[in-house]
Amino acid sequence: MLTSFLTKPVHIAPLAMFRIVFGLVMLISTIRFWLLGWIEDQYIKPVMHFTYYGFEWVKPLGAVGMYLVFIAMGLTSFCIMLGLFYRVSSVLFFLLFTYVELLDKAYYLNHYYFVSITAFLLTLVPAHRYFSLDILLRPALRVEHVPRWTIDLFKLQLAIVYFFAGIAKINSEWLLEAMPLRLWLRAQDKLPLIGWAMPFDLTAYLFSWAGMIYDCTIVFFLSWKVTRVLAYLAVVLFHTITGMMFPIGVFPIVMIGATTIFFSEDFHKRAISLIASVLHRALPLSAQSPATLSAKTYQTRWQPLVLMLLAVHFALQFLLPFRFLLYPNNSWWNPCEFFWNEQGYRFSWRVMLVEKAGTAIFYVKDSVTGREGVVNNAEFLNPTQEKQMSFQPDMILEFAHFLRDYYAAHGVTDPQVRAEVYVTMNGRPGRLLIDPTVDLAKEKEGFHYKSWILPFERQLVSASQ
């Protein structure tokens, strides 16, 4: 029964439009990244990079190599938009984008994670078989219908993003304390029309509860024909406001564009016809209106294998956000300990849930002479890396290992590295994040519980005594 539902033929127009929108947004994003100088600032200039555990072997290619990577990303996203050499372009874009994201976790963002996943999913579907340059080159590729799963997998992925972003907000910090919005909104009093309301605590509570309800329910309302238009307007309003308030790059555009997948096939057919008319019938594509296409349905012998692969993918998508509960003291309702140690935090669709800032001072000691010195972090890290490292334990450990190796290579015998790191969280006074007596040079990275991270709640108890 499930197989019949997933393989039922549906019109390909929503998939073709999704391809066009995704390719266009990625092209804009790549050009923007280049123009802002981030290729050089983030991947060429830094002395070190914060790698993901298990992917330490992923390294930058040097100045020429990195610019070539971004040129290739721009070209492949352009080809995805046009549906030109789609199979090769989609695979290359996925590999290139994911490669760049794996270079340094200091720049981790949920929407980069979403882009990598979407690019991967696009490699599995025939999004180029309608309104594309590929079908001009090879008319036999044209189809009018595809199995339902080729479209619904993107809806499911979006539903996962919104659902987990929503239930992650069901915690005491967000709902009962309106944190961190009480801190952030006070700085938004210059916003047009609504800026006057931002300093009030009541506004922060309204935004907190509305944000949670929005994330938890928006997919349902997008899926229901009766409420779809209003729900999409809510999507546009929500992401426009968040884009105005916070520096989250192209994330609002990505989500506004991707969410159109929930509209009906008739909507997407009309959108494609509109694009064709805007092109003034200059391209042969414009002559191939949906009405003139054959009713051919896409079929592939690889479908069972692809469906199995997708089952594994979505199982991981549902399980990964819960992995933080495997660590001691982490709790869903009272998330302070979890926000503090961040073990199991990434890749869980927790979007802007906590405000943290830190100050990290590193000490390197020669084990033979006993001489100890203070490290100038800025000598090795750019401002973004230093900021992110200052409150994320795994990055603190990786930087300590880098310092160990660096000073060992510069004549320090068996360097010992310890760090004094003070972190503020959601407006609370700063307190020690890690044990300052521990030699981090000897600690191992991994998914295990890190006992050198000082518990958040225990420090509260100690302070009250």
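About the criteria used
Residues numbered from 1 in each chain as written. Predicted model: local features only at pLDDT ≥ 70, side-chain atom pairs only at ≥ 80, totals over all residues. Heavy atoms only, no water. 1 Å grid on protein atoms, 1.4 Å probe; cavity = no way out; pocket = protein on both sides within 12 Å on 5 of 7 lines; lining within 4 Å. Points joined across faces, edges and corners; volume = space filled by probe spheres on them. Helix = DSSP H or I, 4+ residues; strand = E, 2+ residues; numbered from the N terminus. Nonpolar A, V, L, I, M, F, W, Y, C, P; charged D, E, K, R; others polar. Expected span 1.5 Å × (residues − 1). Buried < 20%, exposed > 50% of the residue type's maximum accessible area, 1.4 Å probe, protein only. Contact = heavy atoms within 4.5 Å. Phe/Tyr/Trp six-rings, centres within 6.5 Å; stacked < 30°, edge-to-face > 60°. Lys NZ or Arg CZ within 6 Å of the ring centre and 35° of its normal. Arc of directions from axis to C-beta. Pairing = 2+ DSSP bridges.

Caption draft 1: Fine view of the layout of surface pockets. As a volume, the largest pocket reaches approximately 1300 Å³. Lining the largest pocket we find 34 residues, and of these Tyr108, Leu109, Pro247, Lys387 and Gln388 sit closest to its centre. At the level of secondary structure, the elements contributing two or more residues to the lining of the largest pocket comprise helix 3 (38–44), helix 6 (110–122) and helix 17 (383–389). By residue class, the composition of the lining of the largest pocket is 17 nonpolar, eight polar and nine charged. There is about 1100 Å³ of room inside the second largest pocket.

Caption draft 2: Here's a closer look at helix 4 (residues 62–82). Under the 1.5 Å per step criterion, the end-to-end length of helix 4 is 30 Å for 21 residues, consistent within 8% with the ideal 30 Å. Burial in helix 4 covers these residues: Gly65, Met66, Val69, Phe70, Met73, Gly74, Thr76, Ser77, Cys79, Ile80 and Met81. On its buried face, helix 4 sits against helix 2 (13–35), helix 3 and helix 5 (86–102). Once helix 4 finishes, Gly83 follows within two positions and takes phi at roughly 70°, a positive value.

Caption draft 3: Spotlight on the environment of Val21. You can see Val21 is positioned in helix 2. By relative accessible area, Val21 is classed as partly exposed at 21%. Considered as a pair, Val21 and Asp266 are 245 residues apart in the sequence and their alpha carbons are 17 Å apart.

Caption draft 4: Here's a closer look at the packing of aromatic side chains. What the rule picks out here adds up to 42 aromatic pairs. Pairing Phe33 with Trp38 gives two aromatic rings, centres 5.2 Å apart and planes at 85°, and the pair type is edge-to-face. Ring-pair connections join several aromatic residues into one group, and the members of that group are Phe163, Phe164, Phe318, Phe322, Phe324, Trp332, Phe338, Phe339 and Tyr345. The ring of Trp174 has Lys169 sitting right over it, with the charged end atom 5.4 Å from the ring centre. The ring of Tyr363 carries the charged tip of Arg418 above its face, separated from the ring centre by 4.3 Å.

Caption draft 5: A look at unusual backbone geometry. In this model, Met179 is joined to Pro180 through a cis peptide bond whose omega is 10°. Looking at where Pro180 falls in the secondary structure, it is placed in the loop between helix 9 (172–175) and helix 10 (181–185). With a phi angle near 75°, Asn329 is a residue other than glycine that sits in the positive phi range. Inspection of the secondary structure assignment puts Asn329 in the loop between helix 15 (303–319) and helix 16 (336–341). Residue Asn329 is classed as exposed on the basis of its relative accessible area of 52%. Not every positive phi belongs to a glycine, and Phe347 is a case in point at roughly 60°. Within the secondary structure layout, Phe347 lies in the loop between helix 16 and strand 3 (356–365).

Caption draft 6: Expanded view of helix 14 (residues 265–278). With 14 residues, helix 14 should cover 20 Å at 1.5 Å per step; its first-to-last C-alpha distance of 20 Å lies within 8% of that length. Along helix 14, the residues that are buried comprise His268, Ala271, Ile272 and Ala276. Looking straight down helix 14, one finds its buried side chains confined to an arc of 140°; they lie on one side. Turned more than 90 degrees from where helix 14 packs its buried face, Arg270, Leu274 and Val278 sit exposed. For helix 14, the secondary structure elements touched by its buried residues are helix 2.

Caption draft 7: Expanded view of the sheet that holds strand 5 (residues 416–425). The four strands lie next to each other as 4-3-5-6, forming an open sheet whose pairing is antiparallel. The open sheet is flanked by strand 4 (372–374) and strand 6 (431–432), the only strands paired with a single partner. Sheet analysis places strand 3 next to strand 4, joined by three bridges and oriented antiparallel. Bridge pairing in strand 4 links Val364 to Gly373.

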